[in-house]
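# Results of the structural survey
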Amino acid sequence: NFLLTQPHSVSGSPGKTVTISCTRSSGNIANNFVQWYQQRPDSAPTTVIYEDDQRPSGVPDRFSGSIDSSSNSASLTISGLRTDDEADYYCQSYDSSTHVVFGGGTKLTVL
Amino acid sequence: QLQLQESGPGLVRPSETLSLSCSVSGISISTSPFYWAWIRQSPGKGLQWLGTISYSGSPLYNPTLKSRLTMSRDTSKNQFSLNLTSVTAADTAVYFCARADTMIKDFDYWGQGALVTVSS
């Protein structure tokens, strides 16, 4: 199996842009879709990006996802930061046997 | 409106079996191509996938928990369930049930989560 490694925390100021990385330890990041979830305290996660770069309806276009095969990583970029973007963010993918793998999560602080 | 709701004991003794059910409303759990999953989150920690059961009833388990884990479903009640044997304090977590639109897509609907504490 493989690991998805995220930074423990990132921060940014309102109106600015932050990027959260998700690095796959083995196997090609591009081989399996990556999803991103936002989780606010005491709430279930919600999807902000699915299938690498797709936004569910209702998620603002300030949220974008991408894949970089050269670094074997996925990224979630949030532009025009708002205070209510402050949350934990998790990447998720799956292996060749369709076992689900989550990243360790990144705490976003909007200063 | 699709809804998922976890239910089960909030306290389980060490070495016993943790049993939870997820009641689904708004769609039959037998509807293709949907998959139904259990995901847990230990206090202050990240998300851990436990397993998934398909619309046809086929389970897939996290290899690290496979020896202790059983997932099943009751289509008459439109519920799916989790049994985790020989629990320890490390199994204390909020347990979420969730739906995926095919095996490789995101979990698009989640229950609110159920806190299960393992303690004597």
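Above this note sits the structure.
Anyway, here's the lowdown on the structure attached to this text. Residue positions are given per chain, counted from 1 along the sequence in the order it is written. The lettering of chains begins at A and the numbering of ligands begins at 1, in the order of writing. Residues qualify for local features only when their pLDDT is at least 70, as the model is predicted, and side-chain atom pairs are given and counted only at 80 or more; totals for whole chains, interfaces and linings, by contrast, use all residues. By convention in this description, side-chain values take in all heavy atoms of the structure and omit both hydrogens and water.

This brings us to the overall build of chain B. Strands here are runs of E lasting at least two residues and helices are runs of H or I lasting at least four, both read from the DSSP assignment and numbered beginning at the N terminus. Of regular secondary structure, chain B possesses zero helices and 11 strands. Helices and strands in chain B line up, N terminus first, as β-β-β-β-β-β-β-β-β-β-β. Taken over C-alpha atoms, the radius of gyration comes to 13 Å for chain B, in line with the 14 Å a tight globule of 120 residues would show. By its C-alpha atoms, chain B is 40 × 30 × 25 Å across when sized along the principal axes. The 120 residues of chain B split such that 48% are buried. Sequence-distant contacts, at least 24 apart, represent 53% of the contacts inside chain B between residues at least 6 apart. When charges are counted, neither His nor the chain ends are considered; positive counts come from Lys and Arg and negative counts from Asp and Glu. A charged residue contributes its charge at one atom only: NZ of Lys, CZ of Arg, CG of Asp or CD of Glu. A distance of 5 Å separates the average location of the 9 positive side-chain charges in chain B from that of its 7 negative side-chain charges. All radius of gyration figures rest on C-alpha atoms, and the globule criterion is 2.2 Å times the number of residues raised to 0.38. Whether a residue is buried, partly exposed or exposed follows from its accessible area with a 1.4 Å probe, protein chains only, as a fraction of its type maximum: under 20%, in between, or over 50%, in that order. The contact criterion used is simple: two residues touch if any of their non-hydrogen atoms lie within 4.5 Å.

Turning our attention to the pairing of strand E7 (residues 69-74) of chain B. Side-chain positions along a regular strand alternate between the two faces of the sheet. All names here are of chain B. Two elements, E7 and strand E8 (residues 79-84), share six bridges in a ladder whose sense is antiparallel. Each residue of the ladder has a partner; that of Met71, found in E8, is Leu82. In sequence, E7 turns back onto E8 through a hairpin of four residues, with Asn78 there showing a positive phi of about 55°. Criterion used throughout: strands pair if DSSP finds at least two bridges between them.

Another point: the sheet that holds strand E6 (residues 63-68) of chain A. Sheet strands pair by backbone hydrogen bonding; their relative direction is either parallel or antiparallel. Residue and element names in this part refer to chain A. Here four strands make up an open sheet; going across it, the order is E1-E3-E7-E6 and the pairing antiparallel. Lying at the two open borders of the sheet, with one neighbouring strand each, are strand E1 (4-5) and E6. Across six bridges, E6 lies against strand E7 (residues 73-78) in antiparallel orientation. When the bridges of E7 are listed, Phe63 appears paired with Ile78.

To continue, consider the environment of Ala37 of chain B. Residues and elements named next belong to chain B. Mapped onto the fold, Ala37 is located in strand E4 (residues 34-41). Distance in space between the C-alpha atoms of Ala37 and Trp49 is 7.8 Å, their sequence separation being 12 residues. Ignoring any residue separated from it by four or fewer positions in sequence, one finds Ala37 in contact with Trp49, Gly51, Thr52, Phe80, Phe96, Cys97, Ala98 and Phe107.

Turning next to the interface of chain A and chain B. A common way to state how big an interface is: give the accessible area lost once the parts meet. Facing the 19 residues of chain A at the interface are 19 residues of chain B. Buried area counts how much accessible surface, traced with a 1.4 Å probe, disappears from two parts once they are put together, with both parts' losses summed. When the two sides are added together, the surface that chain A and chain B hide from each other amounts to roughly 1600 Å², 65% of it contributed by carbon and sulfur. It is His99, Val100 and Phe102 of chain A in chain A that bury the most area against chain B; as a group they hold 31% of the surface buried on that side. The working definition used for a salt bridge is a side-chain nitrogen of Lys or Arg within 4 Å of a carboxyl oxygen of Asp or Glu. Here chain A and chain B share zero salt bridges between them. Whenever two N or O atoms come within 3.5 Å, that pair is a polar contact, provided that in protein one can donate a hydrogen and the other can accept it, and provided that, for residues adjacent in sequence, both atoms are side-chain atoms. Connecting chain A to chain B are seven residue pairs in polar contact (both at pLDDT 80 or more).

Let us now look at the side chain of Thr92 of chain B. Its location among the elements puts Thr92 of chain B in the loop between E8 and strand E9 (93-101). Judged by its relative accessible area of 15%, Thr92 of chain B is buried.

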